[in-house]
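Descriptive structure summary
Residues per chain, in single letters:
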Amino acid sequence: MLRVGSKAACMACRNLVSNNMGIRFRVPLQKLHPLSRAIHHRYSGSTNPQRPPHRTAARYFTSMSRLPMRPPKPHSGGRSYQQQRNFWVARLAARLLKLRYILLGTAVGGGYTAKKTYEEWKDMLPDFSEYNWVIPDFVWELSEQIDLDKLAKALPEIEEIAKLLPDFDKIGENFTFLKSLLSPETSGDPPLKATDSSSAASHDASDKQYKKGLLGELILIQQQIQRHEEEVRRAAAAHSASPPPPEPAPSPPPNPSPPQQRRKSSDKERVDQLQEELLRTQLKYQRMLERLEKENKELRKVVLQKDDKGIHQRKVKKSLIDLYSEVLDILSDYDSNYNTQDHLPRVVVVGDQSAGKTSVLEMIAQARIFPRGSGEMMTRSPVKVTLSEGPHHVAMFKDSGREFDLTKEEDLAALRHEIELRMRKSVKEGQTVSSETISLSVKGPGIQRMVLVDLPGVISTVTAGMASDTKETIFSISKAYMQNPNAIILCIQDGSVDAERSIVTDLVSQMDPQGKRTIFVLTKVDLAEKNLASPSRIQQIVEGKLFPMKALGYFAVVTGKGSTGESIDAIKDYEEDFFQNSRLLRDGMLKAHQVTTKNLSLAVSDCFWKMVRESVEQQADVFKASRFNLETEWKNNYPRLRELDRNELYEKAKNEILDEVISLSQVTPQHWEAILQKKLWERVSTHVIENIYLPAAQTADSGTFNTTVDIKLKQWTDKQLPHKALEVAWETLQEEFARFMAEYRGKDQDDIFDKLKEAVKDESIKRHKWNERAMDSLRVIQHNALEDRSITDKPQWDAAIQFMEETLQSRLKDTDSVIRDMVGPDWKERWMSWTNRSPEQHIRNETKNELERLLKLHDDHTAYLANDEVTTVRKNLEGRSVDVDPVLIKDTWHQLYRRHFLQRALTHCNLCKRGFYYYQRHFVDSELECNDVVLFWRIQRMLVITANTLRQQLTNTEVRRLEKNVKEVLDDFGEDTEKKTHLITGRRVQLAEDLKKVREIQEKLEAFIEALHKEK
């Protein structure tokens, strides 16, 4: 009955769901309705026959479960059992109908409750129909045109999308394998969590077993190599130490017995066999190491690339070698006055010219980064190369943000070209090499971390085209780098030439006689083996027995076949093939660890970091003491001043100069016009009096006077006047600019800026040029002003009279002063000051007296003396025993006539003060003619108009252009370090500069030491 009930209940649930829920597609029952699933499982899993299953389900899952349940009737007797057996079909139908009603009531009640709840929530929500205008109309149209049901059906299922995703379990396993290979200690690393613990354990076990077997094999091979070397040494020693058989004198030596011959031959064969086996074992060991290094390099590249992807998500952390390189860059520019020298370690690459220094460095950097030449000097300045490990093989200069991709040939060519340009730029005119350091950083996978300095090659003879002091300069640069007691000297020797021709070995021996920091490198070993008749000579070199110099280690390398087009990989393959087939290794002349640039780079890197760890803290203490000394000196000498270095002082001075330039715009127009008018008249007054007024005054009538004036004014305006006016304006602008700077200087200004401000002022004025179009417009304005003769009122007439009178009086005063200097002191001065006239002054005085008598006789005399008049004056003077030259007579006459003319003009000016009435009538029926007053009025009006025009040009254009020039000059000076050093000088500046550098060096050294301790 339970099975039937359960099946009926499930069928009822299915019918209920399919009829009432509106599901149009078939899905499993377990995913369709939780009520049906619960009823089904409870019916099928029930073991209690005392409780009806349908009531249990209703009690747990329906809203009718709280109604009082009818207690079951107790069973009594066989009659009841018979009755139940007869009506079991009716009872089963009644129970099924009751369950259906319960389920139906539950569904109806739940639906009503859900509808009521939905209506309540709907009433609580605000009305959003008023905000439909926010959504554009095309969105409503788009929703009507797009069928969302079709779009939903067109989308792929979740299972299909999941198939496209990668297998994260396999990725986790691969990452576990990579992590185990990269980390030296895998025992301490927690294993990655996996779903199957047994598979993870087996994987870790296999990984450890693989590593254990590989490392064990390497250890066994290394022990075997040591054992073979010991056996070879013993066999060779026994063979060489065995005494020869005695030779009796009277009889010839007997033939050795066959057992002895076999024993000797067997010993020799044993030695040869051991040597061959040792060589094969060494080569096998080297190949296994290379394979492991290659795999490690690839794996590290993957890890570095993974870290590099998150470089934008986290703060960039500089590497250890980059921190150290920054300290060296600062020290290269630091000039200390407290004997704080740069003793930080670096690898100094020295060698003879064309010995292969650059090639060795390129093999260590794994890129052809340096310019190359056949026999000529290519390294003209020190090149500091910072090598570090990174995901990508790139190079970058210290002062540039461009990255050169060293895997691309075009970037390599551009890098070589840039290095060559920087070298040539650093070399001064007339020199061949330079001590200025070029800083370059190279990053790439598998590159050993270190700092190398490639120096110019040492030469023995100065050739054509070189400076005479090139050899001495190269020696001084090399000594400056090698005298650092912590510098590692990488001595490069060309193996293809005679060792006696080397110069660098003697130089290195002088700087490091004990060889405690020298590594000797023999290059071009392939050529040496081919050319030398005795290969043992190479053995003597690498064992340090041929040269007097000592070294930490000796290496033999091959850097290619000599072709500039060879790649680094091709050179490496050629080097490995050469040493594998070379008899130098086969015969035991060279050890496996002494060959290839790879072993060289590992040894140099180890030596470099060992030296860094031993000396960096000591150097930090030295700079700390230097900082204390500098700060103490500053406090004692400049207690009230800020520690501003040269750049900060320059910025302060720059702001002050710009403030002074801006002050020019505050000058009032009245001040500009008054200064311009005064200066312009001082510049042109002599020309007006001497070349216009005096010639016109010699005419007979007013018409001729006006005609002469008009002609001369026109010529003057066309040729000279505009140019003179612009000169006056430009000089006025300079004087006002200088005046403002002088006034500002007096307001508690630092006198350390005086030299800089004077240079900025001179350079700005030199660059400033007046607008050329202003001259043409000014000429037109001046010409129109001078053509106007109409004086409209009496005040203008009086102003012209006053201007004329002041001008004539000033000229008369100047003329009297000139005549007084010509004739010497008069009788009052002679008696009062006890001075006498000179012979020349006596002659001029006599000539003056004679010419004055001539002027009294001819009051209207012309401006020039006739020849007969000159002769008459001369004869009269000779009669008084005065010998006079005709030129002296004419010069004296010029000054006397000028004074005479000015006196008459002043008299005429006084008469014209009341002549405005006659001027209005054009001097008709009047003996008074005042055309000279009109001339001075025209000149005065031209001066006023010209000053106004120049003032407008100054305030509107030229002041701004001057300000722009000043800014350009300041910007140019700011970029020129030598200029700033020359203009801002003094002990105060140098002390601030040293303080800034020492603090920066100390801070970076401390950061480097902290990072170094963390790496340990």
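Worth saying up front: this structure is predicted, and the values here are computed from it rather than measured. (Residues numbered from 1 in each chain as written. Predicted model: local features only at pLDDT ≥ 70, side-chain atom pairs only at ≥ 80, totals over all residues. Heavy atoms only, no water.)

This brings us to the overall build of the protein chain. A count of helices and strands for the protein chain gives 36 helices and 9 strands. Here the protein chain, with 1016 residues, has 39% of them falling under the buried criterion. For the protein chain, contacts bridging at least 24 residues in sequence account for 79% of all contacts bridging at least 6. (Helix = DSSP H or I, 4+ residues; strand = E, 2+ residues; numbered from the N terminus. Buried < 20%, exposed > 50% of the residue type's maximum accessible area, 1.4 Å probe, protein only. Contact = heavy atoms within 4.5 Å.)

The next subject is the nonpolar core. Core analysis: the largest hydrophobic core is formed by 100 residues, its most contacted members being Tyr-693, Trp-716, Trp-797, Ile-939 and Val-966. In terms of residue count, helix α34 (residues 931–975) provides more of this core than any other element does, 17 residues in total. The contacts of Val-966, once residues within four sequence positions are left out, are Ile-657, Leu-658, Val-661, Phe-737, Val-760 and Ser-764. (Core = buried A, V, L, I, M, F, W, Y, C linked by side-chain atoms within 4.5 Å.)

Covalent bonding between the sulfur atoms of two cysteines defines a disulfide. All chains considered together, the criterion is met by 1 disulfide. Between Cys-912 and Cys-930 runs a disulfide, and the two sulfur atoms are separated by 2.1 Å. Here the disulfide of Cys-912 and Cys-930 is left-handed, its torsion about the S-S bond being about -100°. Of this pair, Cys-912 sits in the loop between α32 (886–911) and α33 (916–920) while Cys-930 sits in the loop between α33 and α34; the two residues are 18 residues apart in sequence, bridging distant segments of the chain. The pair formed by Cys-912 and Cys-930 is uniform in burial state, with each residue classed as buried. (Disulfide = S-S within 2.5 Å.)

Before going further, it helps to examine helix α30 (residues 839–857). The first and last C-alpha atoms of α30 sit 28 Å apart over 19 residues, in line with the 27 Å expected at 1.5 Å per residue. Within α30, the full set of buried residues consists of Gln-841, Arg-844, Asn-845, Glu-846, Thr-847, Lys-848, Glu-850, Leu-851, Leu-854 and Leu-855. Contacts made by the buried residues of α30 are with α28 (794–823), α31 (867–879) and α32. (Expected span 1.5 Å × (residues − 1).)

Turning to the pattern of salt bridges, a few remarks are in order. Within the structure shown, the criterion is met by 43 salt bridges. Arg-844 is paired through a salt bridge with Glu-840; the nearest N and O atoms lie 3.8 Å apart. Of this pair, Arg-844 and Glu-840 both sit in helix α30, separated by 4 residues, roughly a single helical turn. A cluster of three or more residues bridged by salt bridges with shared partners is formed by Arg-627, Glu-631, Glu-643 and Arg-999. (Salt bridge = Lys/Arg side-chain N within 4 Å of Asp/Glu carboxyl O.)

Another aspect to go through is the sheet that holds strand β7 (residues 488–494). The sheet built from 9 strands is open, its strands ordered β4-β3-β5-β2-β6-β1-β7-β8-β9 with mixed pairing. Sheet topology places β4 (404–405) and β9 (553–556) at the edges, where each strand pairs with a single neighbour. Across 5 bridges, the pairing between strand β2 (residues 383–389) and strand β6 (residues 450–454) is antiparallel. The residue bridging Lys-384 from the neighbouring strand is Val-453, located in β6. (Pairing = 2+ DSSP bridges.)

Here the focus is the environment of Ser-582. Relative to the elements of secondary structure, Ser-582 occurs in the loop between α19 (568–581) and α20 (583–586). Residues Ser-582 and Glu-529, spaced 53 residues apart in sequence, show a C-alpha to C-alpha distance of 8.6 Å. One polar contact links Ser-582 to Glu-529, side chain to side chain, over a distance of 3.2 Å. (Polar contact = N/O pair within 3.5 Å; in protein donor to acceptor, adjacent residues only side chain to side chain.)

Taking 1.5 Å per residue, 30 residues should reach 44 Å; α28 reaches 43 Å between its end C-alpha atoms and fits that length. Where α28 begins, the side chain of Asp-793 points an oxygen toward the backbone nitrogen of Gln-796, at a separation of 3.2 Å.

Turning next to the packing of helix α23 (residues 669–697) against helix α24 (residues 702–719). The axes of two packed helices give the description: the angle between them and the distance between them. Two elements in contact, α23 and α24, have axes whose closest approach is 8 Å; the angle formed by their N-to-C orientations is 150°. With respect to α24, the axis of α23 lies roughly antiparallel. As α23 packs across α24, the resulting crossing turns out to be right-handed. Counting all contacts with α23, which are made through Val-684, His-687, Val-688, Asn-691, Ile-692, Pro-695, Ala-696 and Ala-697, the residues of α24 involved are Phe-705, Thr-708, Val-709, Lys-712, Leu-713 and Trp-716. (Axes fitted to C-alpha atoms, helices over the stretch in contact; angles between N-to-C directions. Parallel < 35°, antiparallel > 145°, perpendicular 65-115°, else oblique. Left-handed = near helix turned anticlockwise from the far one by under 90°.)

The backbone phi angle of Ser-354 is positive, close to 65°, even though this residue is not glycine. Position of Ser-354 among the secondary structure elements: in the loop between β1 (347–351) and α13 (357–365). Despite not being glycine, Thr-596 has its phi angle at roughly 75°, a positive value. Examined against the element boundaries, Thr-596 turns out to sit in the loop between α20 and α21 (597–637). For Thr-596, a relative accessible area of 11% corresponds to the buried category.

Turning our eyes to something else, we now look at a nonpolar patch on the surface. A cluster of nonpolar side chains, contributed by Trp-827, Trp-831 and Met-832, occupies part of the molecular surface with about 490 Å² of accessible area. By the secondary structure assignment, Met-832 is in helix α29 (residues 827–833). Met-832 sits in the exposed class, given a relative accessible area of 69%. (Patch = residues over 30% accessible without salt bridge, like charges linked within 9 Å, V, L, I, M, F, W, Y side chains within 5 Å. Areas by Shrake-Rupley, 256 points an atom, 1.4 Å probe, with all protein chains shown as cover.)

Residue placement: Glu-846 occurs in helix α30. Assessed through its relative accessible area of 17%, Glu-846 is described here as buried. Along the primary structure Glu-846 and Val-882 are separated by 36 residues, whereas in three dimensions their C-alpha atoms are 7.8 Å apart. Beyond its immediate stretch of four places on either side in the chain, Glu-846 contacts Leu-877, Arg-880 and Val-882.

Right, let's get into the packing of aromatic side chains. Scanning the model with the defined rule gives 16 aromatic pairs in all. Taken together, a centroid distance of 5.1 Å and an interplanar angle of 70° make the contact between Phe-578 and Phe-579 edge-to-face. Like Phe-579, Phe-578 is buried. Here the aromatic cluster, defined as three or more aromatic residues joined through ring pairs, consists of Trp-681, Tyr-693, Phe-803, Phe-901 and Phe-936. The side chain of Arg-422 reaches across the aromatic face of Phe-397, ending 4.0 Å from its centre. Its guanidinium or amino end placed over the ring of Tyr-650, Lys-980 lies 5.7 Å from that ring's centre, counting from NZ or CZ. (Phe/Tyr/Trp six-rings, centres within 6.5 Å; stacked < 30°, edge-to-face > 60°. Lys NZ or Arg CZ within 6 Å of the ring centre and 35° of its normal.)

On the secondary structure map, Lys-384 appears in strand β2. Of the residues examined, Lys-384 reaches a relative accessible area of 4% and is grouped as buried. A polar side-chain atom of Lys-384 sits 2.8 Å from a polar atom in the side chain of Ser-325. Within the structure, the side chain of Lys-384 is placed 3.4 Å from the side chain of Ser-439, a separation counted as a polar contact. Once residues within four sequence positions are removed from consideration, Lys-384 is found in contact with Ser-325, Leu-328, Asp-329, Thr-437, Ile-438, Ser-439, Leu-440, Val-451, Leu-452 and Val-453.

Most of β7 sits out of view: 7 of its 7 residues are buried. Side chains of β7 alternate between two faces, with Ile-488, Leu-490, Ile-492 and Asp-494 and Ile-489, Cys-491 and Gln-493 buried alike. For β7 and strand β8 (residues 518–523), the ladder comprises 6 bridges, and the chain directions are parallel. Counterpart to Asp-494 in the pairing with β8 is Thr-523.

For the rest of this paragraph, the subject is the confidence of the model for the protein chain. Chain-level statistics for the protein chain give a pLDDT mean of 75 and a share of 67% at 70 or above. Per-element confidence in the protein chain is highest for β1, whose mean pLDDT is 92, and lowest for helix α3 (residues 53–61), whose mean pLDDT is 38. Of the regions scoring below 50 in pLDDT, residues 1–86 engages in 57 contacts with residues more than four places distant in sequence or in other chains. Note on residues 335–339: pLDDT is under 50 here. Beyond four places in sequence and across chains, it has 11 contacts. (pLDDT = per-residue confidence, 0-100.)

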